[in-house]
Amino acid sequence: MTSANPTGVEPTPLALLLLGKGSDPHSARGVECPGELPAPSDPDLVERARAAKEALGDDVFVLGHHYQRDEVIQFADVTGDSFKLAREAAARPHARYVVFCGVHFMAESADILTSDDQQVILPDLAAGCSMADMATAEQVAECWDVLTEAGVAEDTVPVSYMNSSADIKAFTGRHGGTICTSSNARRALQWAFDQVSGDRGKVLFLPDQHLGRNTAIRELGMAPEDCVVYNPHRPNGGLTVEELQRARMILWRGHCSVHGRFTLESVKEVRERIPGVNVLVHPECRYEVVAAADHVGSTEHIIATLRDAPAGSKWAVGTELNLVRRLAHRFADEGKQIVFLDRTVCFCSTMNRIDLPHLVWALESLLEGRVVNRIQVDRETETYARRALERMLALP
């Protein structure tokens, strides 16, 4: 008899997750669909998606993030960044089902902000976020213990980027902090520093070090030496007590896998290749890239800047490729030349896991009375995460 496993080696749970053949309710990585997906080659996928969405009517509300594939974004009722989409879902309480074509943390935020009668669905549960995964609840709790032992926790306010898990948002809410987006990061940081009297205040910024550093230096006038980076994989974050006591910004060692690819060389190369080009980048990029750019702003800011740019202008854009290509096509008739900042193709690989077969499967399952891939945040986590989100909404 031939063994089904001739090597005699059993794969570990982590290996199964990475292969997409296991499940873990606390992870955004590697889970199987509990059903058969339509074949990607099915020529009727577009019509099947359209028919299912039409049959579901007002019961379904489809959200599409700016970084989504064109084949998926065409079915979105609303497009936008993660926070805008979560708010849009909450503003439509009549929609029983919210199908979020984004990544895991975005669907969690939508579940937190929508009513108990609404169900949030992520077409592919393996659509996670590498940045969000760089800060776990256990790691952040350990970090807080380090800050407590250093005598600085009571003067530290956590500020977490929207691109974080529900657990990290809940941690932020428990400790008196707020959430921020790339659009309101300056206001969030200023609010946090205002919570501590005198000049003792510090911010623990999670999980994107680049957005935290860029905002602190460029918009609040801090010096690079005011910032330290906490590395969760090193004892005490790789920092001394004195470094923690001197710092004003304690930056978590996390980054976006897409925006972190852009380098100073990318900026220099595109300027040589396209004379007169304007370099427009997202603040999740590295500090040296942001410093060398002509314009810096959130995804919505990038879209508005290109929309309002004069005809015939030239732009190199440092953000996700799906969006850059869509904008280049949208404004081509106006003679605007829009190129990707880096010559290496770089999609958001996890966002791209939401494809037409997964969307069709999710919609047709709803038609059959089956709710698949529902995202549910537990009540306690939701309570504290909502508290942090509400503080953001109340920012001056």
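For clarity, every value in this text was computed on a predicted model and none was experimentally measured.

Colleague: Outline the side chain of Asp111, supporting the account with residue identities and numerical values.
Modeller: The residue Asp111 is located in helix α5 (residues 104–113) in this model. Although Asp111 is buried, it forms no salt bridge, and the closest oppositely charged side chain is Arg374 at an N-O distance of 5.0 Å. Discounting chain neighbours no more than four positions away, the residues touching Asp111 are Val120, Ile375, Gln376, Val377 and Glu382.

Colleague: How would you explain the side chain of Asp124 if you had to name every residue and give the values?
Modeller: Here Asp124 shows up in the loop between β4 (119–121) and α6 (130–133). The class of Asp124 is buried, set by a relative accessible area of 2%. A polar contact of 2.9 Å, which involves the side chain of Asp124, links it to the backbone nitrogen of Ala126. Each residue touching Asp124, except ones within four places of it in the same chain, is listed here: Arg353, Ile354, His358 and Asn373.

Colleague: Describe in detail helix α12 (residues 264–273), supporting the description with residues and values.
Modeller: Every buried residue of α12 is accounted for by Ser266, Val267 and Val270. Here the buried residues of α12 occupy an arc of 100° about the axis, which is enough to place them on one side. For α12, the exposed residues set more than 90 degrees away from the buried face come down to Glu265 and Glu272. Residues of α12 that are buried make contact with β10 (278–281), α13 (287–292), β12 (314–318) and β13 (337–340).

Here is what the cut-offs are and how they apply
Residues numbered from 1 in each chain as written. Predicted model: local features only at pLDDT ≥ 70, side-chain atom pairs only at ≥ 80, totals over all residues. Heavy atoms only, no water. Helix = DSSP H or I, 4+ residues; strand = E, 2+ residues; numbered from the N terminus. Buried < 20%, exposed > 50% of the residue type's maximum accessible area, 1.4 Å probe, protein only. Lys, Arg positive; Asp, Glu negative; His and termini not counted. Salt bridge = Lys/Arg side-chain N within 4 Å of Asp/Glu carboxyl O. Contact = heavy atoms within 4.5 Å. Polar contact = N/O pair within 3.5 Å; in protein donor to acceptor, adjacent residues only side chain to side chain. Arc of directions from axis to C-beta.

Interpretation note: all reported values are geometric properties and have no functional meaning in isolation.
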